[in-house]
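Structural characterization, general
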Amino acid sequence: MESKAKVLGHPAHPILIVFPLGLLATSVIFNVVYLITDNPTMSVVSYWMTVAGIWGGLIASVPGVIDWAAIPSGTRAKRVGAIHGLGNVLVLILFVLSWFLRQNEPSYLPSTLDLILSFLGFAIAGVTGWLGGELVDRLGVGVDQHANLNAPNALSVLHLRESGVRPSGPQAH
């Protein structure tokens, strides 16, 4: 199934999710570094990575919802996509709660509850990330209908589609 939300011929959701996933995971790493070193700078870095990761997650969710809405009902992909999406909503809620609890603390120092929320969000993000991989790699969601090992680059295919010309040769199958 081809993605409905694209940027320069590529699905937008997989491009955008790397930022929030990386930022939120790194915020957890900086929390751990803070716990080991007791250096409040690590807490500040973690806090702002959390903020950026939350915003990135909200932005990445838009093309994700667009693509999920286009998946045919009653399919395994629709069910896996729903779990993936709802799980990521939970991840964002956990990180938002962690952020909210820290915002008025000096140096944004985390409490035990903040740490538990971020660690739980991190663990759930690992599962939902795997489900996203299942959607793309196993179920073909977001994969171009003309994909193959010798397909032309996305920009040339995009140009052909916009001009109304259908690609020919092995990539047309």
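See above for the structure.
To start, this report covers the structure provided alongside it.

Details of the packing of aromatic side chains
Scanning the entire structure with this criterion turns up four aromatic pairs. Relative to Trp-48, the ring of Tyr-47 lies with its centre 5.0 Å away and its plane at 90°, an arrangement referred to as edge-to-face. Under the relative-accessibility criterion, Tyr-47 is labelled buried at 4%. Considering the side-chain rings of Tyr-47 and Tyr-108, the 3.6 Å spacing of their centres and the 5° angle between planes classify their relative orientation as stacked. Separated by 61 residues along the polypeptide, Tyr-47 in helix α2 (residues 40-70) and Tyr-108 in the loop between α3 (76-102) and α4 (112-138) bring together distant segments of the chain. Taken together, the aromatic side chains of Tyr-47, Trp-48 and Tyr-108 make up a single cluster linked through ring pairs. Across the ring face of Trp-68, the terminal group of Lys-78 is positioned such that the distance to the ring centre comes to 4.0 Å.

Structural notes on the pattern of salt bridges
In total, this model carries two salt bridges according to the counting rule given. The salt bridge involving Glu-2 is made with Lys-6; its shortest N-O contact spans 2.6 Å. When its relative accessible area of 29% is taken as the criterion, Lys-6 is described as partly exposed. With a closest N to O distance of 2.9 Å, Arg-76 and Glu-134 form a salt bridge. Note that Arg-76 is positioned in helix α3 and Glu-134 in helix α4, a separation of 58 residues in sequence. For Arg-76, a relative accessible area of 39% gives the class partly exposed. The buried category is assigned to Glu-134, whose relative accessible area is 13%.

Some details on α2
Helix length check: α2 (31 residues) gives 46 Å between terminal C-alpha atoms against 45 Å at 1.5 Å per residue, within 8%. At Ser-61, α2 is bent by approximately 25°, the largest bend along its length, and proline Pro-63 sits one to four residues beyond. Near the N-terminus of α2, the side chain that reaches the backbone nitrogen of Thr-41, with its oxygen 2.9 Å away, is that of Asn-39.

Observations concerning the nonpolar core
Grouped together as the largest cluster of nonpolar side chains are ten residues: Leu-24, Val-28, Ile-54, Val-91, Leu-92, Leu-94, Phe-95, Leu-117, Ile-124 and Ala-125. Every element with two or more residues in this core is listed here: α1 (12-37), α3 and α4. Broken down by element, this core gets its largest block of residues, four residues, from α3. Excluding residues within four positions of it along the chain, Ile-124 makes contact with Gly-87, Leu-90, Val-91 and Leu-94. Counting six residues, the second-largest nonpolar core is a separate cluster that includes Ile-71, Val-80, Leu-131 and Val-141.

Considerations on the side chain of Arg-102
Relative to the helices and strands, Arg-102 resides in helix α3. Although Arg-102 is buried, it makes no salt bridge; Asp-114 carries the closest opposite charge, 4.8 Å away. A polar atom in the side chain of Arg-102 sits 3.0 Å from the side chain of Ser-43. Beyond its immediate stretch of four places on either side in the chain, Arg-102 contacts Asn-31, Ser-43, Ser-46, Tyr-47, Tyr-108, Leu-109, Pro-110 and Asp-114.

Description of a nonpolar patch on the surface
Nonpolar side chains collect at one region of the surface, where Val-7, Leu-8, Ile-15 and Leu-155 lie side by side and expose about 370 Å² of accessible area between them. Position of Leu-8 among the secondary structure elements: in the loop between β1 (6-7) and β2 (10-11). Relative accessible area serves as the criterion here: at 59%, Leu-8 is assigned to the exposed category.

Focus on the layout of surface pockets
When its volume is computed, the largest pocket comes out at roughly 810 Å³. Taken together, 34 residues form the lining of the largest pocket, with His-13, Ile-17, His-84, Gly-85 and Asn-88 sitting closest to its centre. If you list the elements that add at least two residues to the lining of the largest pocket, you get α1, α2, α3 and α4. The leading source of residues in the lining of the largest pocket is α3, at nine residues. Among the residues forming the lining of the largest pocket, the class breakdown is 20 nonpolar, 13 polar and one charged.

Calculation criteria
Residues numbered from 1 in each chain as written. Predicted model: local features only at pLDDT ≥ 70, side-chain atom pairs only at ≥ 80, totals over all residues. Heavy atoms only, no water. Phe/Tyr/Trp six-rings, centres within 6.5 Å; stacked < 30°, edge-to-face > 60°. Buried < 20%, exposed > 50% of the residue type's maximum accessible area, 1.4 Å probe, protein only. Helix = DSSP H or I, 4+ residues; strand = E, 2+ residues; numbered from the N terminus. Lys NZ or Arg CZ within 6 Å of the ring centre and 35° of its normal. Salt bridge = Lys/Arg side-chain N within 4 Å of Asp/Glu carboxyl O. Expected span 1.5 Å × (residues − 1). Bend = angle between axes of the 7 residues up to and from the residue. Polar contact = N/O pair within 3.5 Å; in protein donor to acceptor, adjacent residues only side chain to side chain. Core = buried A, V, L, I, M, F, W, Y, C linked by side-chain atoms within 4.5 Å. Contact = heavy atoms within 4.5 Å. Lys, Arg positive; Asp, Glu negative; His and termini not counted. Patch = residues over 30% accessible without salt bridge, like charges linked within 9 Å, V, L, I, M, F, W, Y side chains within 5 Å. Areas by Shrake-Rupley, 256 points an atom, 1.4 Å probe, with all protein chains shown as cover. 1 Å grid on protein atoms, 1.4 Å probe; cavity = no way out; pocket = protein on both sides within 12 Å on 5 of 7 lines; lining within 4 Å. Points joined across faces, edges and corners; volume = space filled by probe spheres on them. Nonpolar A, V, L, I, M, F, W, Y, C, P; charged D, E, K, R; others polar.

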